[in-house]
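Read off the chains here:
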Amino acid sequence: MNYSFSRELRLLTPEDFQPVFKNAVPAVSPHLTLLARKNTLDHPRIGMAIPKKHIKHAVGRNRIRRIVREQFRHQQHQLPAIDIVVIAKAGIADLSNQEINKILDKLWRKLVQRCNG
RNA sequence: GGAGUUGGCCAGAUCGUCGCCGCUGUUAUCGUUUACGCUGACAGGGGAGGAAAGUCCGGGCUUCAACAGGGCAGGGUGCCAGGUAACGCCUGGGUAGCGCGAGCUAACGACAAGUGCAGCAGAGAGGAGACCGCCCGGCAAUUUAUUGUCGGGUAAGGGUGAAAGGGUGCGGUAAGAGCGCACCGGCCAGUUAGUAAUAACUUGGUGCAGGGUAAACUCCACCCGAAGCAAGACCAAAUAGGCUUCCUGAGGUAUGGCCCAUACUGGAAGCGGGUAGGUCGCUUGAGCCUGUGAGUGAUUGCAGGCCUAGACGAAUGACGAUUCAACGACAGAACCCGGCUUAUAGGCCAACUCCAACC
RNA sequence: CGGUAUGUAGCGCAGCUUGGUAGCGCACUGCUCUGGGGGAGCAGGGGUCGAAGGUUCGAAUCCUUUCAUACCGA
């Protein structure tokens, strides 16, 4: 099983992001929002929106981004072919790595259920 | 042992698994000018900071404008000397202030070139000023020593203010006053020491003329072209438009009654500008480490060694284990350097100071 | 990443050049006019001048540092 995280698994340009925002299946928690949409490829892709307004320092933004990426890397084969956008909200900077991992775990499952059903 | 000052250093470590971004080597597929390019695999090795931050200064580099220069405007700096590519930085020294001390702090040129400013209070705010007071004289009253009034003298005292035109003492005087004298201070000049700032003086002169404010205008000395890697350089689709040449020398449309005439319109090739996109700029540099010489020091000479991130939606992480007194503060490179400023848990080293105790 | 501007009463703005009293409009409170409302008039309250230092006798104003917010450049 290949757990690599290459460029094809990422949303890069505004053209990649816009369709997800327009027509999305949401999964919400107080600290994170996930938006998903089926794509035409045979693998999932992920993009992130971490506003400077909510997480002030670059170190904090890097931490959120790295945790989300790591989770996605491990979960990619459980996920269907969808484009996901992860949006960070205020207050997430106060959570520990384990807490964020738990929240993400829940939200992945929600998304899989809603996209299949 | 306690309290403290200064300078410097570190910024968790080790192992395993799964991943990310460059580099080097080997190799496979494909494309072609047999050497490159694209994609993939394997191996090796590298991968955030002392502030990467704020963007407050100084440079390199690039383009533009000038042309190697001089001046004005505008801006900056401001004790002296040195260091440096340069600086508003650093080092050493001076002066002033703070601390018992080691030490620390300071935009620290000129108000004796000119102009301005100082509300309220106060008699007076700058070649000042009689409100109270003090003293003298005239007149009047009377309790014969004071009161009232008028005219003078006076800056010792009170009072106002942030600030009132040297200080203390003695003499002097009607009362006072640098009015005179002594000491202290100031100013001008001289001598000596020092590169200088400045300091010292049993030196000479001067009764003191010259209050504060320049982070007020200003004066003096020195410095500064502007914008910034989204700078800029190169390659270069599609579409529209531009220029040149050729083809046709004809047709169509408009003006007009018609001809002539004028304007617009076709196809092909080439050229230049240039958008999307791509490549370069992009990391070897006023570089780092070690030794040694010069210097109080900042710094620098010489010798040897080293290569230490270069992304482009943007790379260092996650999980587990062991360990440490501590689950580890502040915090993430984006063209690159030198500083400053701000944030910062804990620990280590060196030198020095004060207090207590012991010898 | 680079480059600019702005922070003053609940809101929107003056005052900063040339330092001594913080002012204007809307809003708020009370009173009057009206039977009541609206409206008008009169009176009044409310501001750490974004924060911290410095210069000055005295700082919203001058200087330095710092924190926010907004805008511009692909």
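Quick caveat, the model's predicted, so the values are computed rather than measured. (Residues numbered from 1 in each chain as written. Chains lettered and ligands numbered in written order. Predicted model: local features only at pLDDT ≥ 70, side-chain atom pairs only at ≥ 80, totals over all residues. Heavy atoms only, no water.)

**Here we look at the nonpolar core**
Next, step 1: Within the largest apolar cluster, 26 residues are counted, with the highest numbers of intra-cluster contacts made by L32, L34, I46, F72, I84, I92 and W108.
Next, step 2: When residues of this core are traced back to their parent elements, those giving at least two are β2 (32-38), α2 (58-75), β4 (82-88) and α3 (97-116).
Next, step 3: Broken down by element, this core gets its largest block of residues, seven residues, from α3.
Next, step 4: Residues within four places of L34 in sequence aside, it is in contact with V25, P26, A27, I84, V85, V86, L107, W108 and L111.
Next, step 5: Among the nonpolar cores identified, the runner-up in size contains five residues, and F17, V20, L35 and V85 belong to it. (Core = buried A, V, L, I, M, F, W, Y, C linked by side-chain atoms within 4.5 Å. Buried < 20%, exposed > 50% of the residue type's maximum accessible area, 1.4 Å probe, protein only. Helix = DSSP H or I, 4+ residues; strand = E, 2+ residues; numbered from the N terminus. Contact = heavy atoms within 4.5 Å.)

**Let's talk about the protein's contact with RNA strand B**
Next, step 1: What surrounds RNA strand B is a group of 20 residues, the closest being R10, N62, R65, R66 and R73.
Next, step 2: Restricting the count to atoms of RNA strand B within 4 Å of the protein gives a sugar and phosphate share of 74%.
Next, step 3: Contributions of two or more residues to the surface near RNA strand B are made by α2 and α3.
Next, step 4: A total of eight residues in the surface near RNA strand B trace back to one element, the largest contributor, which is α2.
Next, step 5: Broken down by class, the residue content of the surface near RNA strand B amounts to seven nonpolar, six polar and seven charged. (Near = heavy atom within 4 Å. Nonpolar A, V, L, I, M, F, W, Y, C, P; charged D, E, K, R; others polar.)

**Details of the pairing of β4**
Next, step 1: Of all seven residues in β4, six are buried, a share of seventy percent or more.
Next, step 2: As judged from the five bridges shared by strand β3 (residues 45-49) and β4, these two strands associate in the parallel manner. Across the sheet, A49 pairs through a bridge with I87, a residue of β4.
Next, step 3: Taken together, β3, α2 and β4 form a β-α-β motif whose crossover is left-handed. (Pairing = 2+ DSSP bridges. Right-handed = clockwise from strand over helix to strand, strands pointing away.)

**Let's talk about the pattern of salt bridges**
Next, step 1: One pass over the full model with this rule turns up three salt bridges.
Next, step 2: With a shortest N-O distance of 3.1 Å, R45 and D83 are connected by a salt bridge. Note that R45 is positioned in strand β3 and D83 in strand β4, a separation of 38 residues in sequence. Assigned by exposure class, R45 and D83 land together as buried.
Next, step 3: The partner of D105 in a salt bridge is R109, and the shortest N-O contact between them spans 2.8 Å. With D105 and R109 both in helix α3, this residue pair falls four residues apart, about one helical turn. (Salt bridge = Lys/Arg side-chain N within 4 Å of Asp/Glu carboxyl O.)

**Description of the side chain of N39**
Next, step 1: Secondary-structure assignment places N39 in the loop between β2 and β3.
Next, step 2: A polar contact is formed between the side chain of N39 and the backbone oxygen of H43, at a distance of 3.3 Å.
Next, step 3: Filtering out sequence-adjacent residues up to four positions away, N39 remains in contact with P44, R45, A81, I82 and D83. (Polar contact = N/O pair within 3.5 Å; in protein donor to acceptor, adjacent residues only side chain to side chain.)

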